[in-house]
Amino acid sequence: MRASLIQIAVNEGESVSSRRARVADLVREQDESDLVVLPELWTVGAFAYEQFETEAEPLDGPTYEVMAEAARDAGVWLHAGSVVERAGDGSLYNTTLVLSPAGELAATYRKIHRFGFDQGEAVLMSAGESLTTVELPEQTLGIATCYDLRFPELFRGLVDAGATAMVVAAGWPARRRAHWTLLNRARAVEDQSYVLACGLAGTHAGVEQAGHSLVVDPWGEVLAEAGTGEEVLTVELDPAKVADTRRQFPALKDRRLGR
Ligand SMILES: NC(=O)CCC(=O)C(=O)O
């Protein structure tokens, strides 16, 4: 399976609708890939809290519409990053959309661990409550969003649900870039899974983004890593590698707690 991660620059000065159209064209360009991955809240910016209310959208809103067309045109599975979802009861969620190559909404994931302690996303958004996996032809994706990366038990839950490739959409700040790289590699090693970690670039709401999206294999080797600007990373995922790693070094079988 060929996967492309699009590290998107979010800078003030570009409107949300212009960015949607621009990113849709970037998705269309990845028509040689099987899977395309976008970052967290790339429409509005993960730290643009003051825009969450105005840019909130239902699951079948403008981001879904534009991305469904792009997924269909490219013929790819599209992890469309996350949007500010306005639920039926008016509350907001940080929600990932996964679209099939036919443009259908195949899965959603509402971010479980909201960032900000007593501010920002943590007070503006509601928390998701359930894990999401998505079965693709050669890999089962386990879905996580940004701050979730700090909670290894979520990833263990995804392993137990059958995940072989963790997809982490993020808007991770540059000042904690060392944590980003370390934690993504740690999740790959401890869960013996691919990790596809796609972050934002640029600076929005005064927060410089780390970029440095990366793909890690189940042995913890970094297969590809972006720089700090907008960039597309393309990698081949070996369909046998996860099973081989888990068979050759069966540490997951030795778990004694939390099962
Ligand atoms: N958008 C986020 O979840 C940011 C997470 C973060 O900055 C951190 O965990 O550090």
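Analysis parameters
- Residues numbered from 1 in each chain as written.
- Predicted model: local features only at pLDDT ≥ 70, side-chain atom pairs only at ≥ 80, totals over all residues.
- Heavy atoms only, no water.
- UniProt positions renumbered as here; feature names shortened; annotations may be inferred.
- Buried < 20%, exposed > 50% of the residue type's maximum accessible area, 1.4 Å probe, protein only.
- Helix = DSSP H or I, 4+ residues; strand = E, 2+ residues; numbered from the N terminus.
- Pairing = 2+ DSSP bridges.
- Phe/Tyr/Trp six-rings, centres within 6.5 Å; stacked < 30°, edge-to-face > 60°.
- Lys NZ or Arg CZ within 6 Å of the ring centre and 35° of its normal.
- Axes fitted to C-alpha atoms, helices over the stretch in contact; angles between N-to-C directions.
- Parallel < 35°, antiparallel > 145°, perpendicular 65-115°, else oblique.
- Left-handed = near helix turned anticlockwise from the far one by under 90°.
- Contact = heavy atoms within 4.5 Å.
- Nonpolar A, V, L, I, M, F, W, Y, C, P; charged D, E, K, R; others polar.

Per an unreviewed UniProt entry, the chain goes by Carbon-nitrogen hydrolase and derives from Streptomyces amritsarensis. Per UniProt, the chain carries the Sequence similarities (unreviewed entry) text "Belongs to the carbon-nitrogen hydrolase superfamily. NIT1/NIT2 family."

Draft legend 1. The arrangement of the pairing of strand β1 (residues 2-9) in detail. With seven of eight residues buried, β1 is to be regarded as a mostly interior element. Bridge count for β1 against strand β15 (residues 231-236) is six bridges, and the pairing is antiparallel. In the strand pairing of β15, serine 4 is matched with threonine 234. When β1 meets strand β2 (residues 35-37), the two strands line up parallel, connected through three bridges.

Draft legend 2. Broad picture of unusual backbone geometry. The phi dihedral of cysteine 146 falls on the positive side, at around 45 degrees, and the residue is not glycine. Looking at cysteine 146, the relative accessible area reads 7%, which means it is buried. With phi around 50 degrees, alanine 205 is a residue other than glycine that occupies positive phi space. Note that alanine 205 resides in the loop between β11 (203-204) and β12 (207-208). The exposure class assigned to alanine 205 is partly exposed, which follows from its relative accessible area of 34%.

Draft legend 3. Region of the structure containing the packing of aromatic side chains. Considering all chains together, one arrives at nine aromatic pairs under this definition. Plain terms: the ring middles of phenylalanine 47 and tyrosine 49 are 6.0 Å apart, the flat faces sit at 55 degrees to each other, and that makes the pair tilted. What makes phenylalanine 47 buried here is its relative accessible area of 12%. Considering the side-chain rings of tyrosine 147 and phenylalanine 151, the 5.2 Å spacing of their centres and the 80 degrees angle between planes classify their relative orientation as edge-to-face. For the pair shown, tyrosine 147 and phenylalanine 151 are each scored as buried. One aromatic cluster is present, built from ring pairs that chain together Phe47, Tyr49, Phe52, Phe115, Phe117, Tyr147 and Phe151. The ring of tyrosine 93 carries the charged tip of arginine 110 above its face, separated from the ring centre by 3.7 Å.

Draft legend 4. Layout of the packing of helix α1 (residues 16-28) against helix α3 (residues 62-74). Packing of α1 against α3 brings their axes to within 8 Å, and their N-to-C directions diverge by 20 degrees. Relative to α3, α1 is oriented roughly parallel. Crossing of α1 against α3: the hand is right-handed. Only Pro62, Thr63, Val66, Met67, Glu69, Ala70, Asp73 and Ala74 of α3 make contact with α1, whose side of the interface consists of Arg20, Val23, Ala24, Val27 and Arg28. Partitioning the contact of α1 with α3 into residue classes produces eight nonpolar, one polar and four charged.

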